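Architecture and fold: a report
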2 protein chains.
Amino acid sequence: MLAQSAASRGVPLHIVAIRGEARDEIEGFPHTWVKWGEIGKMFKALERNGCGDLVIIGGVDRPDFSNVRLDLGAIKTLPFILSLGKGGDDHVLSRVVRFFEEKGYRVHGAGDVAPELLAAEGVLGEKRPSSEDRADIEIALRVVGALGRLDVGQSAVVVKGHVVAVEAAEGTDAMLARCAELRARRSTGRERRAGVMAKAPKPGQEQRVDLPTIGPDTVRNAAAAGLAGIAVAAGQVLMADRDATVETADALGLFLVGETVAPGA
Amino acid sequence: MLAQSAASRGVPLHIVAIRGEARDEIEGFPHTWVKWGEIGKMFKALERNGCGDLVIIGGVDRPDFSNVRLDLGAIKTLPFILSLGKGGDDHVLSRVVRFFEEKGYRVHGAGDVAPELLAAEGVLGEKRPSSEDRADIEIALRVVGALGRLDVGQSAVVVKGHVVAVEAAEGTDAMLARCAELRARRSTGRERRAGVMAKAPKPGQEQRVDLPTIGPDTVRNAAAAGLAGIAVAAGQVLMADRDATVETADALGLFLVGETVAPGA
């Protein structure tokens, strides 16, 4: 989507994609596939294609070591790679950014290249949050803010004033699955949707490489957890597939709002 | 254990136990069984046995409504019961305490009656935390403190500086089970134990009725999650079965420490 957005505005681009991580759709654009560990090959592809400006995007799994191929570039980079094992997630990502910057690359955020992929402010779908929802949103954003200052998670779920779940290393989808389980266990089967999942970046989070993201699956998982809607920090959360995300929210009757959150608040 | 402790010091007591919640062991002491909803029967048992001082202890599940029996005392209490549906868990418990106090009862904490059931300060088993463990303990207690101020959870897991999990409504055991899963998914099977689960009361938590608790199962679950040990707020966490808890930690090679945490810090 990012490539599409850039290409539609005539921005020349080349995608370096990790085999087994990126989707085949990237082949619709100029691209180079690399395996995990082919760092030399990556730099060669960037150089050959005149790429001085980078956007680093997409989640990766821990590499399957049987499939890692350490080329000469990787071996030269080994001290840096080994240094990444410590500290919170965003420290790792900050160091990755610095690694490229020290080699003379400029690193940009996805939102700089394609601002239309960021969640806008206000009510984004058909449904509006109720005043009870508004109270839950406020608490959830406060929890996310307090956690963020401790370099923890990006999201929390609040239902009728109760903080039901807080995300740490398990990820948003696993957190929502837990809420669905908790609800099933306590439910009489007749409750109305209630509560909100709020998501915002951590203060100091390297927003160029690690924007919090929501998509249609997030909305489906929130619905399965019985929530009334989702609130995100406007301009600071990626809605990778905006139309599908809003449509899913409308179809399932969830609200979707972008809230003004001071960066680093 | 509380009854045993009180009885051993000659404190007269009578246990009012909820059928299906309390264990049969309570029958070793003077007792009255009540069903969920038999509030009138409970007050009669307290009165008949001259109980002016109460300790409220033990977790309960959401009652199975087919087994609830509303007696006259319950019906008189209904406006109060219905008022309990909102706010964080400890608000509910504070209101329960107030409810008894307004009827003239004095409510005490388990630790007031049996201080030996509270976690002591310092290293409680054979294993000592390493300096890396100490760093994880510090972060984990900071996370628990920050969350507590928002009326969330009581525990968090930190491994090598990463906050892996934060407890909200799911409970400590579910949080530890999640850590075990996350570890299994990312493990090469050769890691040494690392990380800590820290537990402390929320500031303002009604410590008379809702002390955080650990026991042998907590230790076993922490071991299954690959953690190196457990840290608790000294004097503020109940170790319901202290000997078995310490023995389990020793047998599994986990450290167990009581840390000085300012109440409400």
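About the criteria used
Residues numbered from 1 in each chain as written. Chains lettered and ligands numbered in written order. Predicted model: local features only at pLDDT ≥ 70, side-chain atom pairs only at ≥ 80, totals over all residues. Heavy atoms only, no water. Patch = residues over 30% accessible without salt bridge, like charges linked within 9 Å, V, L, I, M, F, W, Y side chains within 5 Å. Areas by Shrake-Rupley, 256 points an atom, 1.4 Å probe, with all protein chains shown as cover. Salt bridge = Lys/Arg side-chain N within 4 Å of Asp/Glu carboxyl O. Lys, Arg positive; Asp, Glu negative; His and termini not counted. Charge placed at Lys NZ, Arg CZ, Asp CG, Glu CD. Helix = DSSP H or I, 4+ residues; strand = E, 2+ residues; numbered from the N terminus. Buried < 20%, exposed > 50% of the residue type's maximum accessible area, 1.4 Å probe, protein only. Axes fitted to C-alpha atoms, helices over the stretch in contact; angles between N-to-C directions. Parallel < 35°, antiparallel > 145°, perpendicular 65-115°, else oblique. Left-handed = near helix turned anticlockwise from the far one by under 90°. Contact = heavy atoms within 4.5 Å. Pairing = 2+ DSSP bridges.

Residues and elements named next belong to chain A. Positive charge collects at one region of the surface, where Lys44, Arg48, Lys76 and Lys103 lie side by side. With respect to the element layout, lysine 103 can be found in the loop between α4 (89-102) and β4 (106-108). For lysine 103, a relative accessible area of 45% gives the class partly exposed.

Attention shifts here to the environment of B:Arg185. Residue and element names in this part refer to chain B. Residue placement: arginine 185 occurs in helix α7 (residues 172-186). Looking at arginine 185, the relative accessible area reads 61%, which means it is exposed. Sequence separation of arginine 185 and valine 246 is 61 residues, and the distance between their C-alpha atoms is 29 Å.

Residues and elements named next belong to chain B. Contact geometry for helix α8 (residues 216-224) and helix α9 (residues 242-252): axes closest at 8 Å, N-to-C directions at 20°. Considered as vectors, α8 and α9 are oriented roughly parallel to each other. α8 and α9 meet at a crossing whose hand is right-handed. Residues Pro216, Val219, Arg220 and Ala223 of α8 pack against Ala244, Thr245, Thr248, Ala249 and Leu252 of α9.

A word on the sheet that holds strand β6 (residues 155-159) of chain A. Residues and elements named next belong to chain A. Pairing is mixed in the open sheet, where six strands are placed in the order β5-β12-β10-β8-β6-β7. Every interior strand has two partners, whereas the edge strands, β5 (122-123) and β7 (162-166), have only one. As defined by bridge partners, strand β10 (residues 229-233) adjoins strand β12 (residues 255-259) across five bridges and the pair is classed as parallel. Bridge assignment links alanine 231 to a residue of β12, and that residue is valine 257.

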